[in-house]
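Chain by chain, the residues:
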Amino acid sequence: MKKVKFLSLLSLFFISFLSYSQNNVKVGDFYTFDDDTKGIVFYVNEEGHGLVLSLEEENLKWDNETHFVYCQDIVQITNEEYPSVEMHLGLGEFNTAFIIAQLGDNKAPAATYSRSQGLEWYLPSVAELYQLFSIANEHGEINKILIENGHKPLKGSYWTSSEYNNGEAWRIKLSGKVKRCSKLALRTNVRAVRQF
């Protein structure tokens, strides 16, 4: 009986430890999901939830043709009005699903590539990507970790899932200071994100 109690307590401790260690992540940590996909943590909120950056990227078009899919997102953003990631956490996931549903896989390369990283990976919203670049520029850790582990560093401009108008979507330069609308048929870097 004592042996069973001890093993039960040991199991409970081990499960609690795993849960504790997975929830006490910080920016720059590698994070492995239950489906064995992994990435680098670049945002953690007060509740211990956050965002992870995929390890791979591609240079793709947002749309193979020009469509307007009415993503539920921020429009008319100026360079002085940076959106809050906390207010828009997960909006890119909604946008990505909506883009693929409206256009189909073969007409939405950036969103489809992001989703191909795993079902819960998505093309980030302008707020989520801005958060990533703020952290990447402030600490420099993200690129250092990517390079040390044999992955391509963040460089140049990246698509967001946020539309600006019919035929244009937001893309952000790594500097984080320049947001521009770009024609959807331009090739730009794509890096997926995922919530935890």
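Analysis parameters
- Residue numbers restart at each chain and count upward from 1, following the sequence in its written direction.
- Predicted model: local features are reported for residues with pLDDT of at least 70 only, side-chain atom pairs are reported and counted for 80 or more only, and whole-chain, interface and lining totals are derived from all residues.
- Here the side-chain values reflect all heavy atoms present in the structure, with hydrogen atoms and water set aside.
- Strand pairing is assigned whenever DSSP identifies at least 2 bridges connecting the two strands.
- Segments assigned H or I by DSSP are reported as helices when at least four residues long, segments assigned E as strands when at least two residues long, and all are numbered from the N terminus.
- Axis definition: a line fit to C-alpha positions, over the contact stretch in the case of helices; interaxial angles, taken between N-to-C directions, run 0 to 180 degrees.
- Residues count as neighbours in contact if any of their non-hydrogen atoms are within 4.5 Å of one another.
- Throughout, exposure labels follow a simple rule: accessible area from a 1.4 Å probe, protein chains only, divided by the maximum for the residue type, with under 20% read as buried, over 50% as exposed, and the rest as partly exposed.
- Polar contacts here mean pairs of N or O atoms no more than 3.5 Å apart (in protein, one a potential hydrogen donor and the other a potential acceptor; neighbouring residues in sequence count only if both atoms are side-chain atoms).

Engineer: Where do I start with the sheet that holds strand β1 (residues 30–32) in this structure?
Structural biologist: Note on sheets: strands pair through backbone hydrogen bonds, and any given pair is parallel or antiparallel. Taken in spatial order, the four strands of this open sheet run β1-β2-β3-β9, and their pairing is antiparallel. Where the open sheet ends on each side, the last strands, each with one partner, are β1 and β9 (193–195). This sheet shows a mean twist of 45 degrees between the axes of neighbouring strands, independent of strand direction. Where helix α5 (residues 141–148) meets the sheet, it contacts β1, β2 (38–44) and β3 (50–54), and its direction lies at approximately 170 degrees from that of β2.

Engineer: Sorry if this is basic, but what is going on with the side chain of Asp 29 here?
Structural biologist: Relative to the assigned elements, Asp 29 resides in the loop between α1 (2–23) and β1. A residue is classified by how much of its surface remains accessible, and Asp 29, at 18% relative accessible area, is buried. Here Lys 26 takes part through its backbone nitrogen, which lies 2.9 Å from a polar atom of the side chain of Asp 29. In contact with Asp 29, not counting residues within four places along its chain, are Asn 24, Gly 39, Ile 40 and Val 41.

Engineer: In this structure, what is going on with the environment of Val 27? I would like to understand it.
Structural biologist: In this structure, Val 27 sits in the loop between α1 and β1. You can call Val 27 partly exposed: its relative accessible area is 35%. Apart from the residues lying within four places of it in its own chain, the contact partners of Val 27 are Val 41, Phe 42, Tyr 43, Val 44 and Ile 135.

Engineer: Teacher, can you tell me more about unusual backbone geometry here?
Structural biologist: Residues other than glycine predominantly adopt negative phi, and peptide bonds predominantly adopt the trans conformation. Positive phi, normally seen in glycine, also occurs at Asp 36, with a value near 70 degrees. Inspection of the secondary structure assignment puts Asp 36 in the loop between β1 and β2.

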